[in-house]
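Letter by letter, the chains look like this.
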Amino acid sequence: MSDRPETTWRTVQRIVLPDDAVPPGTQDLYVRAEGEVEILGRTSLRLAANARVSFGTYFGGFPRVAWTETAVDRLRLSLRIDGAVRIRVLGTDAGGTVRELADRVASGDWAFDLPLDERSAGWIWFEAEATESAVLHDARWSAPEPTRPDATVSIAITTFNRADDCVSLIARLASDPTVKDRILQVVVADQGTQRIRSHPGFAEAAAPWGDELRVIEQDNLGGSGGFSRGMLEAGRTAASHVLLLDDDVNLEPESIMRMLARVEHAPDEPLIGAHMLRLTEPTRLHSWGERLDRRRFWWEPVHPELAGLDLAVAGPDRLPILSEPCPVDFNGWWMCLIPVSVIQTEGASLPLFIKWDDAEYGLRAAENGHATITLPGAALWHVPWTAKDDGLDWQAYYQLRNRLVAALIHSPHRRGGSLLRDVLALDVNHVLCLQYGSAAVRRLAMRDVLGGPEHLVTGLRSAPGRVRSVLAEEGQTLKNRDGLSVAETVSLPVAPRGAAASAGRLLRVLSHQLRRSPRATEPTPERTLIVLRREHGKWWSLGLVDEAFLQSAAGVSGFLLRRDRRAAARHLLGAGRAVLELWWKWPALARRYRADARSLSSAETWSSVFDDS
């Protein structure tokens, strides 16, 4: 007899199947089927005779590649089978080569223990083939039980006038009893003018939660204010972690269980992030996680092959890059799991309102030994940020201001590397595109940064109004196209290709920009107003016209842009002066922002802000 104690197993990943709540057309993210296969529920499916299913899919496979730093050295596959099936267990090595790990005939309550080695360093999954009709139930992967207890979570949702979405999310979180049992509370920071308590579906969505659902109505403090509220409220419970969630998402609830399982087996205290899938193209990956180019201090793809990847076509059994480690600097707060202990030592978000709060926090945590891990197979669907106008509306202020603040605190370069050169180039781009409002609010952002870190708290409530006023003064506000006298869209210049063509187009643009400005009048049916889709509104097209209607990302409204030579000169000179002053004062500013960062993100600072709500 062996003296080795019997292993106690803990589930690390359930195999779930799509239900009516996930976006249509996403079955191949869960299971690929050949022959007659019927999904009976979230954890059961029927195979007709000679049918075959593969769980070598995004949600179906086990991503060993994200577990290599744990002590897990074996897995158990278990399921219940009505009838008999042939089961093949397969895996990929670190290079993405598929290898067979087991081939068994299984029936009844069946389990198979799999030692982990280099053949299973990437992903692991199983396939099932039925000779006669059979039903599979409750398939799952388990690992030897860790010494840590079950992780529990407090959910933090920030919402602003998205009552429909937020109510749906609250209901979705309660739809899986196993998931709900691990959630100790749901905190909704309602910062809008249309309160979710007034929504006709709120009572029904809230009923399963009872006192575990807390809706806190407060002033609009942006995402950083809403999430910081949820972070600090989590510390008042027994929850080990807080999960930050956007309000306008379609969630796969099993993701929460997988994220909790990963932290239970972690040797340290990492942040765990989930992937973003495109709500507009629900099988496509929008973000695996985020990296920062430290010299430019700007986001860059984790890997070029992952950008826009169709995961229904390129699953872990088909694309080698999925089996390679893809480390990140931070994960967006559309879905990010943070240990409460980290919040207690490192603080909550900086008071940045929106933009860069998640990036700054990820960098701050990493500098103190808490890396971010993005977990494949944990995901939600969200409208991609490429479908937003954050460079043209009031968000342009926060995009630049908070980028500068984060760089002042975390940049390894004495004067921010090439960041300021990048900032000036983007200001020139806005001016060439006739976007004088964007240039104006960006200059406001630089002036505020130069004023010192104190403005982050004092301007938390006032800055959005100031920014909107500046945009209105510059005439860069959304307009309804129906209210304008717009003729048919005219042909557009094509994008230049190559250095020579780009240089030639730039000379044409500069020549046009130096001409006397046209007299500002409303367009009439006799005058043709160029209408551009958002993706076509670039310097090489807008820089050659005197006026244009640039459609918003949503396409239902847009920005009426007019060339003004004096305004262009004023904004270019202002941007140059501000960038030069930032360059000169950068070392001193960096010392000030770094010295105040801990205080600005502290519970004491946020409590004083909340007390004023």
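First things first, this report covers the structure right here in the doc. What you are looking at is a predicted structure, and each value in this text was computed from that prediction instead of being measured. (Residues numbered from 1 in each chain as written. Predicted model: local features only at pLDDT ≥ 70, side-chain atom pairs only at ≥ 80, totals over all residues. Heavy atoms only, no water.)

**A short note on the overall build of the chain**
Check the secondary structure of the chain and you find 16 helices and 24 strands. Dimensions of the chain, computed from C-alpha atoms along their principal axes, come out at roughly 90 × 55 × 50 Å. Approximately 25,500 Å² of the chain is accessible, and the part contributed by carbon and sulfur atoms is 50%. Across the chain, the mean location of the 73 positive side-chain charges is 9 Å away from that of the 79 negative side-chain charges. (Helix = DSSP H or I, 4+ residues; strand = E, 2+ residues; numbered from the N terminus. Areas by Shrake-Rupley, 256 points an atom, 1.4 Å probe, with all protein chains shown as cover. Lys, Arg positive; Asp, Glu negative; His and termini not counted. Charge placed at Lys NZ, Arg CZ, Asp CG, Glu CD.)

**Things to note about the sheet that holds strand β24 (residues 558–562)**
In space, the four strands of this open sheet follow the order β21-β24-β23-β22, with mixed pairing throughout. In the strand order of this sheet, the two ends are held by β21 (478–479) and β22 (530–532), each with one partner. Alignment of β21 against β24, held across two bridges, turns out to be antiparallel. The partner of K479 across the bridge, within β24, is G558. (Pairing = 2+ DSSP bridges.)

**Here we look at the packing of helix α9 (residues 419–432) against helix α15 (residues 565–600)**
The geometry of α9 relative to α15 is characterised by a closest axis approach of 10 Å and an angle of 170° between their N-to-C directions. The orientation of α9 relative to α15 falls into the category roughly antiparallel. Note on element contacts: α15 touches α9 through A568, H571, L572, A575, G576, V579, L582, W583 and W586, opposite L419, L420, V423, L424, D427, V428 and V431. Grouping the constituent residues of the contact of α9 with α15 by class yields 13 nonpolar, two polar and one charged. (Axes fitted to C-alpha atoms, helices over the stretch in contact; angles between N-to-C directions. Parallel < 35°, antiparallel > 145°, perpendicular 65-115°, else oblique. Contact = heavy atoms within 4.5 Å. Nonpolar A, V, L, I, M, F, W, Y, C, P; charged D, E, K, R; others polar.)

**Some details on the pattern of salt bridges**
Oppositely charged side chains are able to pair whenever their charged atoms sit close together. The full count for this structure, using the stated rule, is 48 salt bridges. The partner of R598 in a salt bridge is E346, with the nearest N and O atoms 3.9 Å apart. Placement of the pair is R598 in helix α15 and E346 in helix α6 (residues 340–346), with a sequence separation of 252 residues. On the basis of relative accessibility, which here comes to 52%, the residue R598 falls in the exposed class. (Salt bridge = Lys/Arg side-chain N within 4 Å of Asp/Glu carboxyl O. Buried < 20%, exposed > 50% of the residue type's maximum accessible area, 1.4 Å probe, protein only.)

**Some words on the side chain of D448**
Tracing the chain through its elements places D448 in helix α10 (residues 436–450). A polar contact of 2.5 Å, which involves the side chain of D448, links it to the side chain of Y397. Residues in contact with D448, not counting those within four places in the same chain, are Y397, H455, R466 and Y593. (Polar contact = N/O pair within 3.5 Å; in protein donor to acceptor, adjacent residues only side chain to side chain.)

**Brief notes about the packing of helix α4 (residues 222–234) against helix α16 (residues 603–611)**
Running from N to C, α4 and α16 cross one another at 115°; their axes reach a closest spacing of 11 Å. Along this stretch, α4 crosses α16, giving a crossing that reads as left-handed. Across from S224, G225, S228, R229 and L232 in α4, the residues of α16 making contact are A603, W606 and F610. (Left-handed = near helix turned anticlockwise from the far one by under 90°.)

**Observations regarding the side chain of D329**
With respect to the element layout, D329 can be found in the loop between β18 (298–300) and β19 (335–339). Within the local environment of D329, its side chain forms a polar contact with the side chain of R294, the two groups lying 2.9 Å apart. The residues contacting D329, other than those within four sequence positions of it, are E290, R291, L292, R294, G362, L363 and T372.

**A word on the pairing of strand β3 (residues 37–41)**
In terms of strand pairing, β3 meets strand β4 (residues 44–47) through four bridges, oriented antiparallel. Note on β4: the bridge partner recorded for I39 is L45. Between β3 and β4, which pair antiparallel in sequence order, lie two residues.

**Details of the environment of H455**
For H455, the position within the fold is in helix α11 (residues 455–458). On the accessibility criterion, H455 (14% relative accessible area) is buried. Linking H455 and P351, residues 104 residues apart in sequence, is a C-alpha distance of 9.6 Å. Beyond its immediate stretch of four places on either side in the chain, H455 contacts Y397, R401, D448, V449, L460 and Y593. Side-chain polar atoms of H455 contact the backbone oxygen of D448, separated by 3.2 Å.

**Structural notes on the pairing of strand β1 (residues 9–14)**
Each regular strand displays side chains that alternate between the two surfaces of the sheet. The buried fraction of β1 amounts to five of the six residues, a majority that puts the element mostly inside the structure. Note that β1 and strand β9 (residues 134–144) share five bridges and pair antiparallel. Bridge pairing in β9 links Q13 to W141.

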